[in-house]
Amino acid sequence: MNKDPIDLQRFAICVVVPMYKVEREIQDVIRGIPKWIRNIVVVDDESPDASLEKVKELGDPRVTAVRHEENQGVGGAMMTGYAKAMELGAEIMVKMDGDNQMSPDYLPALIRPIAEGRADYAKGNRFTDNRLRAQMPLVRRIGNIGLSFMTKMASGYWNMFDPTNGYTAISAEVYRLLNLERVHKRYFFESSLFLELNLVRAVVADVPMPARYADESSSMSIPRVLYQFPYRLTRGFLYRMWLEYFVLDFSVASLFIVFGLLLTLFGGIWGAVAWISSLRSGVVASTGTVMIAVLPLIMGFQLLLQALVFDVQNVPRQVRTQHLTAKPRDDAESSGRLNEDTRE
């Protein structure tokens, strides 16, 4: 790893670790987090094993433990962890899963875009290197390709890939701007977070890094993903289009969408009616009848394509984070005891 161009130790950085059935891995995760990280928040999402006890055994003074009395899913655990991290004064909050699949060696690379003012949110990307892609199971690669395209379309972040990568960092300043009521509390957490980030025009950065795959099985149901992810992403796309191009702003893309939909709808209905009439009567439709259907369809498609091009070029590029302070580290902050907080 190259030396950081800025001193990351001068920023208030908190690593949030959601825990659920990770008693075998959690101690290695905590031990691997660099000493210059000021705070670690672990959220026990009503894990039935001894994950929380394993954390306590370490006695790491940087750790604040929070336990849910009811399981809320990874999204619920992360929102609890983010809230606690901001209470502790965090400026940058990192999500690191408790299953030890995320290497702490890449923490500086993940944090750097935010610390240097180049991004508001950073995430890992496992697809940037052929050797790294080969480490990923085939089923995950195929699933990520499909989900990446749908998430790009839904969120408007056409320049990012690997949306299901959970190794992320976010500016606390930007996190405060998000509508947390619309962020999904379970498996759709990362994807729904992208939708909200775009609505506040936050800049997202992809950070190349590999993943570490052990012999554990994923708790995510493939049928549930195939059914619910496309539905939720399509609904998110329609909501974003309405809000971004008709409520918050009205631009040339708005006109492209309106007239493109009207022309496509007219051409489709006219063509369908003419085709059904031709089948029933046995009379071939005239050239003029066909052209009345085809021309609006072509023009409508072209307008919608132009709207898509406009949306691709409209990816947020101006960073919202403005107030990272890079205060000197106070080691007294990290010299206390492991704190435990209980929440429902």
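Anything mentioned here points back to the structure above.
A few points on the structure.

How each quantity is defined
Residues numbered from 1 in each chain as written. Predicted model: local features only at pLDDT ≥ 70, side-chain atom pairs only at ≥ 80, totals over all residues. Heavy atoms only, no water. Helix = DSSP H or I, 4+ residues; strand = E, 2+ residues; numbered from the N terminus. Contact = heavy atoms within 4.5 Å. Areas by Shrake-Rupley, 256 points an atom, 1.4 Å probe, with all protein chains shown as cover. Expected span 1.5 Å × (residues − 1). Buried < 20%, exposed > 50% of the residue type's maximum accessible area, 1.4 Å probe, protein only. Core = buried A, V, L, I, M, F, W, Y, C linked by side-chain atoms within 4.5 Å. Phe/Tyr/Trp six-rings, centres within 6.5 Å; stacked < 30°, edge-to-face > 60°. Patch = residues over 30% accessible without salt bridge, like charges linked within 9 Å, V, L, I, M, F, W, Y side chains within 5 Å. Salt bridge = Lys/Arg side-chain N within 4 Å of Asp/Glu carboxyl O.

**Observations concerning the overall build of the protein chain**
Within the protein chain, the secondary structure is distributed over eleven helices and eight strands. Sequence separation of at least 24 residues holds for 79% of the intrachain contacts in the protein chain that already meet a minimum separation of 6. For the protein chain, the exposed area adds up to about 17,400 Å²; of that, 58% sits on carbon and sulfur atoms.

**Focus: helix α11 (residues 287–313)**
Taking 1.5 Å as the rise per residue, α11 with 27 residues should run 39 Å; its terminal C-alpha atoms sit 39 Å apart, in good agreement. By the burial criterion, the buried members of α11 are A293, P296, G300, A307 and D311.

**What about the environment of A307?**
For A307, the position within the fold is in helix α11. Separated by 50 residues in sequence, A307 and I257 place their C-alpha atoms 6.2 Å apart. Setting aside chain neighbours within four positions, we find A307 in contact with A253, F256 and I257.

**Thoughts on the nonpolar core**
Judged by nonpolar contacts, the single largest core of 34 residues is most densely connected at V42, V94 and I111. Ranked by the residues each element gives to this core, the list is headed by helix α4 (residues 107–115), at six residues. With sequence-adjacent residues up to four places away left out, V94 is seen in contact with I13, C14, V15, V16, L107, L110, I111, Y167, T168 and A169.

**Comments concerning unusual backbone geometry**
Here the phi dihedral of E46 falls at roughly 50°; this positive angle occurs in a residue that is not glycine. Mapped onto the secondary structure, E46 falls in the loop between β2 (39–44) and α2 (51–58). At R201, a residue that is not glycine, the phi angle is positive and equals roughly 60°. For R201, a relative accessible area of 28% gives the class partly exposed.

**Description of the packing of aromatic side chains**
As enumerated under the stated definition, the model contains eight aromatic pairs in all. Centroid distance W242 to F246: 5.8 Å. Interplanar angle 20°. Geometry classified as stacked. Placement of both W242 and F246 in helix α9 (residues 222–247) is noted, with a separation of four residues, approximately one turn of the helix. With 5.9 Å between their ring centres and 35° between their planes, F266 and W270 make a pair best called tilted. Here the residue F266 and the residue W270 both occupy positions in helix α10 (residues 252–281), the gap between them amounting to four residues, near one helical turn.

**Brief notes about a nonpolar patch on the surface**
On the surface, a nonpolar cluster with roughly 460 Å² of combined accessible area is contributed by F250, L255, V258, F259 and L262. The class of F259 is partly exposed, set by a relative accessible area of 47%.

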